[in-house]
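Descriptive analysis of the structure
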Amino acid sequence: MLFGIFGCQQAGGESTGSEMIPDMAHSVAYEANVLTNYSFHSFDEHSVVSRRELSQPRLPVNGTIPRGYAGMANYNGVYGSAEDAVISTMNRMKTGGIAYTANGHVPYAYPDSEEGRTLATQQIRYNPFPITEGGLAKGKELYNIYCGICHGEKGDGGGYLVRDNGGKYPAQPANLVDSLFVFSSNGRFYHGIVYGKNAMGAYADKLSFEERWQVIHYIRSLQATARKAKYDSKANTLVSEYGVPEALVPKPTPTPPPSPMPNDGKTPPTGGDHSHDDAGGHSTSGGH
Ligand code: HEC
């Protein structure tokens, strides 16, 4: 109580005044983004950007890609085998190389159309991540949160939105363990997650690049369960092309880390892998 009364004193005359716990009035958390008149900075006077604009959080620059999350070139013809696709991905994740034209956080070059779905199904065959126990666990968690409510815990299309109070949900979710989907390439699933389809919404903003692929691994494991096949970190007897068990991934070729040495001015600096595996030259704004 006494502190409350005598804690703060107005500045005036000879006194500089004092302030109790100033960070309660001038929040540290907000000051990072807020241009207050409280402080003495003057740069806004010379700036062409309004104070209001300066004080608002910014979106990342268009085309920003998180380090290590460059688009993966799971594109038809680039890799000879599923194992190659996995190794290449692992190498890229390590060096943070940029492999695609930057058109979004995780570039995806196929348009949101039936034509795009068909192309993606034809061309994106491999899951760029190996089947791991950890990945399947993550995929299961995410699937049950985001997909199972409609597609069912077993993937058979009987989620509780459809099952309980039958008929409330206007469309029948796909039966993902049907042979149609067992023998559909991974691109069909990836495309479906990125854009959705008819009554199903898009999940690109809910699932990160890697999470989408782990969900797809988990759907494959549901398909395997339904057909008494194996799909785990040791074996894949479902469709071998669509998932490489961790145990079968050959050791990636070690890539030297980018040299921290200043260059001698003769050779241009090399910054990771900038090879352009452009996905067929589609230019879309579908950067999710
Ligand atoms: C709100 C209900 C709902 C949720 C949640 C949902 N889906 Fe769907 N999904 C549907 C419906 C309905 C269809 C059938 C769309 C059609 O064919 O018209 C469908 C179709 C699909 C298809 C088939 C697309 C094709 O190529 O024919 C895939 C794959 C799929 N969903 C995956 C997923 C995944 C993965 C998730 C979770 C990230 C998910 N769905 C979440 C309702 C849902």
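Preceding this paragraph is the structure being described.
Everything in this summary refers to the structure shown in the same document.

1. Topic: the overall build of the protein
For the protein, the helix and strand inventory stands at 12 helices and zero strands. In sequence order, the secondary structure elements of the protein are arranged as α-α-α-α-α-α-α-α-α-α-α-α. Scored against the burial criterion, the 288 residues of the protein give a buried share of 30%.

2. Thoughts on the site of the ligand
Neighbouring residues of the ligand: 20 residues in total, closest Cys 147, Cys 150, Gly 192, Asn 198 and Met 200. Only helix H8 (148-151) and helix H11 (186-195) provide two or more residues apiece to the shell around the ligand. No other element matches the four residues that H11 contributes to the shell around the ligand. A breakdown of the residues in the shell around the ligand according to their chemical character gives 14 nonpolar, three polar and three charged.

3. Here's the deal with the packing of H11 against helix H12 (residues 209-226)
Packing of H11 against H12 leaves a shortest axis separation of 10 Å and a crossing angle of 125 degrees. Judged by the angle between their axes, H11 and H12 are oblique. Considering the relative orientation of H11 and H12, their crossing is right-handed. Facing Asn 186, Phe 189, Tyr 190 and Ile 193 of H11, the residues of H12 in contact are Arg 212, Val 215, Ile 216 and Ile 219.

4. Quick look at H11
Working note: α-helix, 3.6 residues per turn, so residues spaced by three or four point in the same direction. Where burial is concerned, most of H11 is hidden: 10 out of the 10 residues are buried. Within the sequence span of H11, burial applies to Asn 186, Gly 187, Arg 188, Phe 189, Tyr 190, His 191, Gly 192, Ile 193, Val 194 and Tyr 195. Tucked inside the fold, the buried residues of H11 contact helix H6 (114-123) and H12. Positive phi appears at Gly 196, one or two residues downstream of H11, with a value of about 75 degrees.

5. Focus on the nonpolar core
If you look at the biggest cluster of nonpolar residues, it comprises 39 residues, and the most contacted ones within it are Tyr 190, Ile 193, Val 215 and Ile 219. Secondary structure elements with two or more residues in this core: helix H5 (82-95), H6, helix H7 (133-146), H11 and H12. It is H12 that contributes the most residues to this core, seven residues altogether. Those residues in contact with Val 215 that sit more than four places away from it in its chain are Gly 139, Leu 142, Tyr 143, Cys 147, Ile 193 and Leu 207.

6. Points about H12
For H12, which comprises 18 residues, the first-to-last C-alpha distance of 26 Å matches the rise-based estimate of 26 Å (1.5 Å per residue) to within 8%. In terms of burial, H12 is a largely internal element, 14 of the 18 residues being buried. Backbone geometry just downstream of H12 places Lys 228 in the positive-phi region, at approximately 55 degrees.

7. Points about the packing of H7 against H12
The geometry of H7 relative to H12 is characterised by a closest axis approach of 7 Å and an angle of 90 degrees between their N-to-C directions. By the angle class used here, H7 and H12 are roughly perpendicular. Contacts from Gly 135, Leu 136, Lys 138, Gly 139, Lys 140, Leu 142 and Tyr 143 in H7 reach Glu 211, Gln 214, Val 215, His 217, Tyr 218, Ile 219 and Ser 221 in H12. A class-by-class count of the residues in the contact of H7 with H12 yields six nonpolar, five polar and three charged.

Analysis parameters
Residues numbered from 1 in each chain as written. Predicted model: local features only at pLDDT ≥ 70, side-chain atom pairs only at ≥ 80, totals over all residues. Helix = DSSP H or I, 4+ residues; strand = E, 2+ residues; numbered from the N terminus. Buried ≥ 20, exposed ≤ 12 C-beta atoms within 10 Å, placed from the backbone. Near = placed C-beta within 6 Å. Nonpolar A, V, L, I, M, F, W, Y, C, P; charged D, E, K, R; others polar. Axes fitted to C-alpha atoms, helices over the stretch in contact; angles between N-to-C directions. Parallel < 35°, antiparallel > 145°, perpendicular 65-115°, else oblique. Left-handed = near helix turned anticlockwise from the far one by under 90°. Contact = placed C-beta atoms within 7 Å. Core = buried A, V, L, I, M, F, W, Y, C linked by C-beta atoms within 7 Å. Expected span 1.5 Å × (residues − 1).

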